[in-house]
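Remarks on the overall topology
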Amino acid sequence: FVWMRFSLLRNLSFMIREEFVMAQFDYVSNSANGHDAQDVLQNKLLRLRRDGDLSIVVNTYRAGDPAALNAEQFYAPFMIQFNNGSRWIVFSTTSCRTDRIKGQQWDADNLKRLDSNIERAVLTYPDDVSAIERRNFQKQKEKYETGREISRIDDILSHKDLVRQIQQRAVDIYDAAD
């Protein structure tokens, strides 16, 4: 009986360690995937700047309320500025997790409040996400578009669609200047 108990505890301990290691591996894998996607997006934004569609691309945009001690409390992975001075903040993610989106909502709300040049906040995801994730992003976007949920994030777009919208906005700004 004692031997069986020890064997059971040892097996349970092994299973717990195995689950912990797998969870750590998943976290590291997901984190690396997220960083890779952010690098791809950054390269696309920098290309748009080189092409003249954008005047500024800021990687890691931070701001804080002047009344607070933390001058960098609010964050967006990217801030882009068009040639007319208007700005968008861009959040990037590889999965549509509502807890993460709520944090991005908070940051978007406060960054828009602190910087009157920010016209839009966009949540973007890689073009190669799984079909399930793509559906999740589309469902979340529909919630915002139909008014089922209030959002300070103005749109949810794939990287490809974000690039198209930036290029269209740049053309509109150019045409308005004529």
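You'll find the structure just up there.
A brief structural summary.

The rules behind the values
- Residues numbered from 1 in each chain as written.
- Predicted model: local features only at pLDDT ≥ 70, side-chain atom pairs only at ≥ 80, totals over all residues.
- Heavy atoms only, no water.
- Helix = DSSP H or I, 4+ residues; strand = E, 2+ residues; numbered from the N terminus.
- Expected span 1.5 Å × (residues − 1).
- Buried < 20%, exposed > 50% of the residue type's maximum accessible area, 1.4 Å probe, protein only.
- Arc of directions from axis to C-beta.
- Pairing = 2+ DSSP bridges.
- Salt bridge = Lys/Arg side-chain N within 4 Å of Asp/Glu carboxyl O.
- Right-handed = clockwise from strand over helix to strand, strands pointing away.

1. Brief notes about helix α4 (residues 159–177)
- With 19 residues, α4 extends 27 Å between its outermost C-alpha atoms, agreeing within 8% with the 27 Å of an ideal straight helix rising 1.5 Å per residue.
- Among the residues of α4, H159, L162, V163, I166, A170 and I173 are the ones counted as buried. Angular distribution of buried residues about the axis of α4 spans 100°; they occupy a single face of the element.

2. Some thoughts on the pairing of strand β2 (residues 74–81)
- A large share of β2 lies buried, amounting to seven of its eight residues.
- Bridge analysis of strand β1 (residues 56–63) against β2 gives seven bridges, and the strand direction is antiparallel. Paired with N59 across the two strands is F78, which belongs to β2.
- Of the pairings in the sheet, the one linking β2 to strand β3 (residues 87–92) comprises four bridges and is antiparallel in character. Opposite I80, over in β3, you have W88 as the bridge partner.

3. Some points on the pattern of salt bridges
- If you walk through the whole model with that rule in mind, you get twelve salt bridges.
- Note that D99 and R97 form a salt bridge whose closest N and O atoms lie 2.8 Å from each other.
- Assessed through its relative accessible area of 38%, R97 is described here as partly exposed.
- Two residues, R169 and E119, come together in a salt bridge whose shortest N-O distance is 2.9 Å. In this pair, R169 sits in helix α4 while E119 sits in strand β4 (residues 118–125), placing the two residues 50 residues apart along the sequence.
- Overall, the relative accessible area of 22% leaves R169 in the partly exposed class.
- Taking the relative accessible area as the measure of exposure, E119 reaches 37% and is therefore partly exposed.
- Connected through shared salt-bridge partners, R120, K141 and D155 make up one network.

4. Section: the pairing of β3
- Of all the six residues making up β3, six are buried; the element is thus mostly covered by neighbouring parts of the structure.
- Neither face of β3 is exposed, since R87, I89 and F91 on one face and W88, V90 and S92 on the opposite face are all buried.
- Between β2 and β3, which pair antiparallel and follow one another directly, the connecting turn spans five residues, one of which, G85, has a positive phi of 95°.
- Two elements, β3 and β4, share six bridges in a ladder whose sense is parallel. Residue R87 lies in a different strand from β4, and its bridge partner there is I118.
- Once you follow β3 into helix α2 (residues 98–114) and on to β4, the crossover reads as right-handed.

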